[in-house]
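# Coordinates in review
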Amino acid sequence: MGGDEGSRIPGFHTLSPADRLDAVGRRSGLGNAGKAHLLEAGAPLTELADHLAENVIGTMNVPLGVATNLIVDGEEVLVPMATEESSVVAAVCNAAKQCRETGGIFASWTGPRMIAQIQLLGVADPHHARVKLLERRDEIAALCDSCDPMLVKLGGGFRDLEVRLLETRVGPMVVLHLIVDTRDAMGANAVNTMAEKLAPHLEGWVGGSVKLRILSNLADQRLVRARAVWRTETIGGPDVRDGMIAASAFAEADPYRAATHNKGIMNGISAVVLATGNDTRAIEAGAHAYASRSGRYTALSRWEETTDGDLAGTLELPMAVGVVGGATKVHPTAQANLKIMGIDGAERLAKVIAAVGLTQNFAAVKALATTGIQAGHMRLHARNLAITVGAEGEEIDRVAAALIERGEIRQDVAESVLSEIR
Ligand code: MEV
């Protein structure tokens, strides 16, 4: 991120949206064109949207907030988050602020290795076929790399081959995995093209017939990991820490709780994935499949006590995101958001996203283990209700405040408060 003021912007939430954009623009070097685009995003995007999807009649805006206070691998970063859910951005800001004293969040990744699958049916001798296919590794590598010379030039391309044998209810299947380094791209097009190109050769080599040729969203060779430590005295004492550890243990042990725990993590992750024009469904599918890899669905994060008595959080999940290709490259909002983050590579993006997932999870689990989330949610819900019943401008805060004061955050009450005000 450009500028020298870091990701701390005291009083950021009290500024007007235009002043917030100015502050973010100053720190990130987002130019006037980027700022103008963010201010007017919406209608002007219809033409682009018409190219991105089908039967387009317009665009649908979601709020774009900026999470402050994050330090990832020692570098300050402001993180744009596209989400309609209240509290999500504020939660990251609060959680990130509380771990600045221990250096923020640290992240690592396994590299951008994507998997493409090719399904072969009706192979008479699957074990024999497996060994024959593995022998052709070099030939397969050359065929794959010939699909994308640019990717190879950038240091990516075919990396490995796996052949799996599956017993299924329609008989045995031979399933090839092409492992491809897709560099700064999410890589769906690259690996799908390779799988389609290779497919006809397979039938000639081992018989049977090729059916599906498609990437796997269980991108378990493309993992990102985040870790951070929160000081016990900063977060409110040993009871808070132990409550959070018990909450983690609950999610680890119980799929019903794990689904909600992971949903909280994905509140943060999907918001950044969306803001950068990446594929939210791919990331969600990968995350939940990874959470089930032991055969039982469990939590993606872990919370533990350190030897110093502090609270350590870790998160690990697949992160198939890119900064080139697809909407990421052509969508001006995605481009502006990458600029705000100061990101020009998939590695840093994956790490920042994981950091947001971990801080999001910290905030949710801390709230749940202490005061609960409803008080905060209901305050924001009161504002939504005020808007729903037609409050405008200053009326919104006045109606919301009245609902909170009465302890009756309901639409009928909002209607009568608004008519009293008017
Ligand atoms: C709500 O969107 C997310 C939470 O339910 C996450 C959690 O329960 O950990 C608060």
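Residues numbered from 1 in each chain as written. Predicted model: local features only at pLDDT ≥ 70, side-chain atom pairs only at ≥ 80, totals over all residues. Heavy atoms only, no water.

### Here we look at the site of the ligand
To keep it simple, the criterion reads: One heavy atom within 4 Å of a molecule or strand makes the whole residue count as near it. Counted as a polar contact is a pair of N or O atoms within 3.5 Å, where, for protein atoms, one must be capable of donating a hydrogen and the other of accepting one, and residues adjacent in sequence contribute only when both atoms are in side chains. Surface accessibility in these figures is a Shrake-Rupley result with a 1.4 Å probe; residues are shielded only by whichever protein chains are displayed. Only DSSP runs of H or I reaching four residues or more are called helices, and only runs of E reaching two or more are called strands; each is numbered from the N terminus.
Glu85, Arg257, Thr260, His261, Lys263, Gly264, Asn267, Ala364, Leu368 and Ile373 make up every residue found near the ligand. Residue Glu85 places a side-chain N or O atom 2.6 Å away from an oxygen atom belonging to the ligand. Here Lys263 contributes a side-chain N or O atom positioned 2.7 Å from an oxygen atom of the ligand. Expressed as a share of its isolated accessible area of 300 Å², the protein-covered part of the ligand is 87%. Sorting the residues of the shell around the ligand by element identifies α11 (255-275) and α15 (346-369) as the ones contributing at least two each. For the shell around the ligand, the element with the highest residue contribution is α11, accounting for six residues.

### Some points on the environment of Gly29
Put simply, the test is: Only protein chains enter the accessibility calculation, which uses a 1.4 Å probe; a residue whose area is less than 20% of its type maximum is buried, one above 50% is exposed, and one in between is partly exposed.
Structurally, Gly29 is set in the loop between α1 (17-28) and α2 (32-40). Gly29 sits in the partly exposed class, given a relative accessible area of 43%. In sequence terms Gly29 and Thr328 are 299 residues apart; their C-alpha atoms lie 19 Å from each other.

### Details of the packing of aromatic side chains
Test applied: Two rings belonging to Phe, Tyr or Trp (six-membered ring only in the last case) form a pair when the distance between their centres is within 6.5 Å. Interplanar angles under 30 degrees mark stacking, angles over 60 mark edge-to-face geometry, and anything in between is tilted.
Counting across every chain of the model gives three aromatic pairs. For the ring pair Trp230 and Trp303, a centre distance of 5.4 Å and an interplane angle of 55° mean the geometry is tilted. Of this pair, Trp230 sits in strand β8 (residues 223-230) while Trp303 sits in strand β9 (residues 301-305), and the two are 73 residues apart along the sequence. Owing to a relative accessible area of 0%, Trp230 belongs among the buried residues under this scheme. Given a relative accessible area of 2%, Trp303 falls into the buried group.

### A word on the environment of Val88
Mapped onto the elements of the fold, Val88 is located in helix α4 (residues 88-98). Overall, the relative accessible area of 2% leaves Val88 in the buried class. Measuring from C-alpha to C-alpha, the distance between Val88 and Gly264 comes to 8.8 Å, with 176 residues separating the pair along the chain.

### What to know about the layout of surface pockets
Here is the rule we go by: Points on a 1 Å grid over protein atoms alone make up a cavity when a 1.4 Å probe fits among them but cannot get out, and a pocket when they form an open set with protein on both sides within 12 Å along at least five of seven lines; lining residues each have an atom within 4 Å of a point. Grid points are joined across faces, edges and corners, and a volume is the space filled by probe spheres set on the points.
Approximately 180 Å³ is the volume attributed to the second largest pocket. In terms of lining residues, the second largest pocket is bounded by Val62, Ala82, Thr83, Glu84, Glu85, Lys263, Met266, Asn267, Ser270, Ala271, Leu274 and Glu284. Top element by residues in the lining of the second largest pocket is α11. It accounts for six residues.

### What about the sheet that holds strand β4 (residues 113-121)?
The following threshold applies: When DSSP finds at least two bridges between two strands, those strands are taken to pair. Axes here refer to lines fitted to C-alpha atoms; in helices the fit is confined to the stretch in contact. Angles between the N-to-C directions go from 0 to 180 degrees. We call two residues contacting when some pair of their heavy atoms lies within 4.5 Å.
If you trace the four strands from one edge of the open sheet to the other, you get β5-β6-β4-β7, paired in antiparallel fashion. The open sheet is flanked by β5 (157-168) and β7 (209-215), the only strands paired with a single partner. Between one strand and the next, the sheet's axes are offset by a mean angle of 20°, whatever the strand orientation. Inspection of the sheet shows β5 paired to strand β6 (residues 171-181) by eleven bridges, in the antiparallel sense. Its bridge partner lying in β6, Glu167 is registered against Pro172. Against the sheet, helix α5 (residues 126-135) engages β4, β5 and β6, with an angle of about 180° to β5. Sheet contacts for helix α8 (residues 188-206): β4, β6 and β7; angle to β7, the most-contacted strand, approximately 165°.

### Re the sheet that holds β9
The strand order across the open sheet formed by four strands is β3-β8-β10-β9, and the pairing between neighbours is antiparallel. The outermost strands of the open sheet, each flanked by one partner alone, are β3 (106-109) and β9. The average angle at which neighbouring strand axes cross in this sheet is 15°, direction not considered. The pairing of β9 with strand β10 (residues 311-318) spans five bridges and is antiparallel. Opposite Glu305, over in β10, you have Leu311 as the bridge partner. Helix α10 (residues 238-253) contacts β9 and β10 of the sheet and is inclined by roughly 145° relative to β9. Strand contacts of α15: β3, β8, β9 and β10, with the helix running at about 45° to β8, the strand carrying the most contacts.

### Some words on the pattern of salt bridges
Here is the rule we go by: Between Lys or Arg on one side and Asp or Glu on the other, a salt bridge is scored when a side-chain nitrogen of the former is within 4 Å of a carboxyl oxygen of the latter.
As enumerated under the stated definition, the model contains 20 salt bridges in all. We note a salt bridge from Glu139 to Arg136, for which the minimum N-O separation is 3.0 Å. Overall, the relative accessible area of 39% leaves Glu139 in the partly exposed class. Given a relative accessible area of 29%, Arg136 falls into the partly exposed group. Taking the shortest distance from any N to any O, the salt bridge between Arg241 and Glu305 comes out at 3.6 Å. Here Arg241 is found in helix α10, whereas its partner Glu305 is found in strand β9, with 64 residues between them in sequence. By relative accessible area, which is 10% here, Arg241 ends up buried.

### Focus: the domain arrangement of the chain
Going by this rule: By convention here, the domain bounds are inherited from an automatic or database domain assignment.
The domains assigned to the chain are domain 1 (1-61), domain 2 (69-109 + 223-371), domain 3 (113-215) and domain 4 (375-421). Using only C-alpha atoms to locate each centre, domain 1 and domain 3 end up separated by 41 Å.

### Some words on the packing of α11 against helix α12 (residues 280-291)
Cut-off, in case you're wondering: Any angle from 65 to 115 degrees is called roughly perpendicular, while one under 35 is roughly parallel, one over 145 is roughly antiparallel, and all others are oblique. Left-handed describes a crossing whose near helix is turned anticlockwise from the far helix through less than a right angle; right-handed describes the clockwise counterpart. For this scheme, ten residues count as nonpolar: Ala, Val, Leu, Ile, Met, Phe, Trp, Tyr, Cys and Pro. Four count as charged, namely Asp, Glu, Lys and Arg, and the remainder, Gly too, count as polar.
Where α11 contacts α12, the two axes come as close as 9 Å, and the packing angle between them is 150°. As the angle between them shows, α11 and α12 are arranged roughly antiparallel. The element α11 and its partner α12 pack so that their crossing is right-handed. Of α12, the residues touching α11 (which contributes Asn262, Met266, Ile269, Ser270, Val273 and Leu274) are Thr280, Ile283, Glu284, Ala287, His288 and Ala291. Of the residues in the contact of α11 with α12, the class split is seven nonpolar, four polar and one charged.

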